[in-house]
Amino acid sequence: MHGVFHTNGFGHLLCINGLETGSDLAGYQIMEFWDRLCTGLGARKVSFKDTSQKKGMDLRLLHAVAYGKPWFGRWDYIFGRGSFGINVEMYESAVKALQNVPLGLLAHHLDACKKDILILLSRYQIVSGHSLVTLGDLFHFMLELKFQVPKDSSTSYSSQYPGLVLSDTSCRWSPKRVEMAIRVVIQALKRAELRWVSRQEVRDAARAYIGDTGLLDFVLKSLGNHVVGKYFVRRCLNPVTKVLEYCLEDISREFPKQEEFLMVNNEAKLKPQQKVTRVQLMKDIFYLYKNVLIEHKEMTNTAGFGTISVATRIILDTKYFFKECGGELGSKSVLNKSKLYCAVIWSSHDIGGALSSIKAVTPYECFVLGNNATFYELKFEVQKTFREIYLGLRNFIAESITNFNPRGTDLVFEIVRPGGKITFEGIEGQREIVNGGIYEGVMSNFVVDCGCGTKYDDGERMICCDICEVWQHTRCVQIPNGDEIPNIFLCKTCEQDILHFPSLP
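The name that an unreviewed UniProt entry assigns to the protein chain is PHD finger protein MALE STERILITY 1, with the source organism given as Forsythia ovata.

Here it is in structure tokens:
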């Protein structure tokens, strides 16, 4: 583990190395220690850049889909800032979009791409014992199952019919009646000759044999996206009519090795006591991660699946998270003294020595002053404290207070209430010291104006226009990360300006 704490109570977690990198402790154990360390040291705020991976999968994406937050969210780390102009609203919308992708819609379009995902969907529908409706439900169940299956053990699933139907505690019908209803529904779907039919059509056809409409409704609800015999029962909401539709797909040909099926009377049935091992589970998680979230080119042009590509990119472009720890420097109560919170705002000098128009503000610091303290004394304490905390402010000179102008001999707590906040304005005492080094990501003097909306250096690779000297992301100007930056680069604005230059006679 490598972390940094500053004297102002702000910290940065730089990296942790768990079991996969040779540590004797798992990643979560190291994080528990780090969290307790932050509390013990009275940290105010801790940030980090999340690039953590496991088994080739980005955890910030995998856990966002499964749990709605990154892996570090278990310790209350939340969105800090995104790259490429991403804000918290965009991030939260992307997470919800991925979590809410219906598995029925996913299965509906798999006939055009990777059909072997179907067997994974049915396998974990059976293992779960309850309905997995969305992509978030599926990944959440699989990650939770990983903790339940020991490394050298497995979990079993069996029955020709979905475990969900026969084990649901809300089912008031006997297994024999449920199995009969399933056979009737499957036969009704077979007569449809593998075409999509509405729920009402299936229900009407089955009622000729099963008079209990409640039983039929239960079975139709439970059968969606399950394997029955050699068929996969697909269920999907028609995007045009908004009506639930069902379809049978023969999947016996897709699995010639018969790993999932046992042929009985020329019909494929699930083998009894099929097992899901820890190794198989991790392979299945990686397969879904890779083929649904990452490499989904076959589905990108399909209605509804362009969202997966966009949402995935937004989540992967969000790497900076932070935690408000609640610590407070100098917060102990002292008899006949009161607390006051002060920050400083200042203008630095640019490279040419001129006073910059860009102002920066520090976080508030807590000061404990005597009840008879004057503004002269407060000014002295503010200058001393901020010079000690920030290297970039070692020559800071406080000149005035924002919004009011007291005399130096005025008593502080006759003008400002105890616990109040005030901001001192000032300048740096020497011109050779420039504004930098007090933030995570040093404030730069160059101009960033990218087409994605970014106005600051967000840590991603950038390129500078050789005419206007404005910086943009290489990715946003169609320069792949693997390619070298060209020796000469012109932004679109400058290119257009050049095209409008009058031609020489």
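Enquirer: Explain the overall build of the protein chain here, please?
Expert: Each helix and strand counted, the protein chain has 16 helices and 23 strands in total. Considering only residue pairs separated by 6 or more positions, the protein chain has 66% of its internal contacts joining residues 24 or more positions apart. Surface summary for the protein chain: the accessible area is close to 26900 Å², and the carbon and sulfur share equals 51%.

Enquirer: Can you walk me through unusual backbone geometry in this structure?
Expert: Leave glycine aside and you will find that most residues have negative phi; peptide bonds, for their part, are mostly trans. Even without a glycine there, the phi angle at lysine 55 is positive, about 55°. Structurally, lysine 55 is set in the loop between strand S4 (53–54) and strand S5 (57–58). Classification of lysine 55 as exposed rests on a relative accessible area of 54%. One non-glycine residue with positive phi stands out, namely aspartate 76, at about 70°. On the secondary structure map, aspartate 76 appears in the loop between helix H2 (59–67) and strand S6 (78–81).

Enquirer: Is there a simple way to think about the nonpolar core in this case?
Expert: Side chains that are nonpolar tend, in soluble globular proteins, to be buried together. Counting 59 residues, the largest nonpolar core has Tyr77, Tyr124 and Leu135 as its most contacted members. For tyrosine 124, the contacting residues outside a window of four places in its chain are Leu132, Leu138, Phe141, Met142, Leu145, Val276, Gln280, Leu281 and Asp284. Residues Trp173, Ala181, Leu189 and Val233 belong to the second largest nonpolar core, which totals 24 residues.

Enquirer: Would you mind showing me how to read the packing of aromatic side chains here?
Expert: Two aromatic rings, taken as a pair, are described by how far apart their centres are and by the angle between their planes. Scanning the model with the defined rule gives 13 aromatic pairs in all. With a centroid separation of 5.0 Å and an interplanar angle of 85°, the aromatic rings of tryptophan 71 and phenylalanine 72 are classed as edge-to-face. Like tryptophan 71, the residue phenylalanine 72 is buried in the burial classification. Between tryptophan 71 and tryptophan 75 the ring centres are 4.9 Å apart and the planes differ by 65°, which places this aromatic pair in the edge-to-face class. The residues tryptophan 71 and tryptophan 75 share a single accessibility class, namely buried. Joined through ring pairs, the aromatic side chains of Phe48, Trp71, Phe72, Trp75, Tyr77, Phe79, Tyr91 and Phe321 make up one cluster.

Enquirer: Any chance you could explain a nonpolar patch on the surface here in plain terms?
Expert: Together, Ile467, Ile498 and Phe501 make up a nonpolar patch on the protein surface, roughly 300 Å² of accessible area in all. Mapped onto the elements of the fold, isoleucine 498 is located in helix H16 (residues 492–499).

Enquirer: Would you mind going over the sheet that holds strand S3 (residues 45–49) with me for this structure?
Expert: By way of backbone hydrogen bonds, the strands of a sheet pair with one another, either parallel or antiparallel. Pairing is mixed across the open sheet formed by 5 strands, whose spatial order is S1-S2-S3-S15-S6. Bordering the open sheet on either side are strand S1 (2–5) and S6, each of which pairs with just one other strand. On average, each strand axis in the sheet is inclined to that of its neighbour by 30°, with strand direction left out of account. Inspection of the sheet shows S1 paired to strand S2 (residues 10–15) by 4 bridges, in the antiparallel sense.

Enquirer: Mind showing me how you'd approach the pattern of salt bridges here?
Expert: Oppositely charged side chains can pair when the atoms bearing their charge come close. On inspection of all chains with the given rule, the structure shows 12 salt bridges. As a salt-bridge pair, aspartate 317 and arginine 475 come within 2.6 Å of each other at their nearest N and O atoms. Of the two residues, aspartate 317 sits in the loop between helix H13 (306–316) and strand S15 (320–324) while arginine 475 sits in the loop between strand S23 (470–473) and H16, which places them 158 residues apart along the sequence. With a closest N to O distance of 2.5 Å, lysine 455 and aspartate 449 form a salt bridge. In this structure, a network of salt bridges that share partners links the residues Arg199, Arg203 and Asp217.

Enquirer: For this particular structure, what's the right way to read the sheet that holds strand S22 (residues 462–464)?
Expert: Pairing is mixed across the open sheet formed by 3 strands, whose spatial order is S21-S23-S22. Strand pairing shows two members of the sheet lacking a second neighbour, strand S21 (447–448) and S22, which therefore form its edges. Where S21 and S23 come together, 2 bridges link them in parallel fashion. Residue pairing for S23: valine 447 is matched across the bridge by valine 470.

Enquirer: Before we go on, may I ask you to explain the pairing of S15 in this structure?
Expert: Remember that side chains alternate between the two faces of the sheet whenever the strand is regular. Counting buried residues in S15 gives 4 out of 5 residues, a clear majority hidden from the surface. As paired strands, S3 and S15 are joined by 5 bridges and run antiparallel to one another. Directly across from lysine 45, in S15, lies its bridge partner glutamate 324.

Enquirer: Can you help me understand the pairing of strand S11 (residues 244–250) in this one?
Expert: Counted residue by residue, S11 has 5 buried out of 7 residues, so it is predominantly covered. Pairing of strand S8 (residues 197–198) with S11 involves 2 bridges; the strand directions are antiparallel. Its bridge partner being in S11, serine 198 is matched across the sheet by glutamate 245. Strand direction decides the pairing type here: strand S10 (residues 231–237) and S11, joined by 7 bridges, are antiparallel. Its bridge partner lying in S11, valine 233 is registered against leucine 248. Counting the residues in the hairpin turn of S10 and S11 gives 6 residues, including lysine 242, whose phi is positive at 60°.

Analysis parameters
- Residues numbered from 1 in each chain as written.
- Predicted model: local features only at pLDDT ≥ 70, side-chain atom pairs only at ≥ 80, totals over all residues.
- Heavy atoms only, no water.
- Helix = DSSP H or I, 4+ residues; strand = E, 2+ residues; numbered from the N terminus.
- Contact = heavy atoms within 4.5 Å.
- Areas by Shrake-Rupley, 256 points an atom, 1.4 Å probe, with all protein chains shown as cover.
- Buried < 20%, exposed > 50% of the residue type's maximum accessible area, 1.4 Å probe, protein only.
- Core = buried A, V, L, I, M, F, W, Y, C linked by side-chain atoms within 4.5 Å.
- Phe/Tyr/Trp six-rings, centres within 6.5 Å; stacked < 30°, edge-to-face > 60°.
- Patch = residues over 30% accessible without salt bridge, like charges linked within 9 Å, V, L, I, M, F, W, Y side chains within 5 Å.
- Salt bridge = Lys/Arg side-chain N within 4 Å of Asp/Glu carboxyl O.
- Pairing = 2+ DSSP bridges.
- Axes fitted to C-alpha atoms, helices over the stretch in contact; angles between N-to-C directions.

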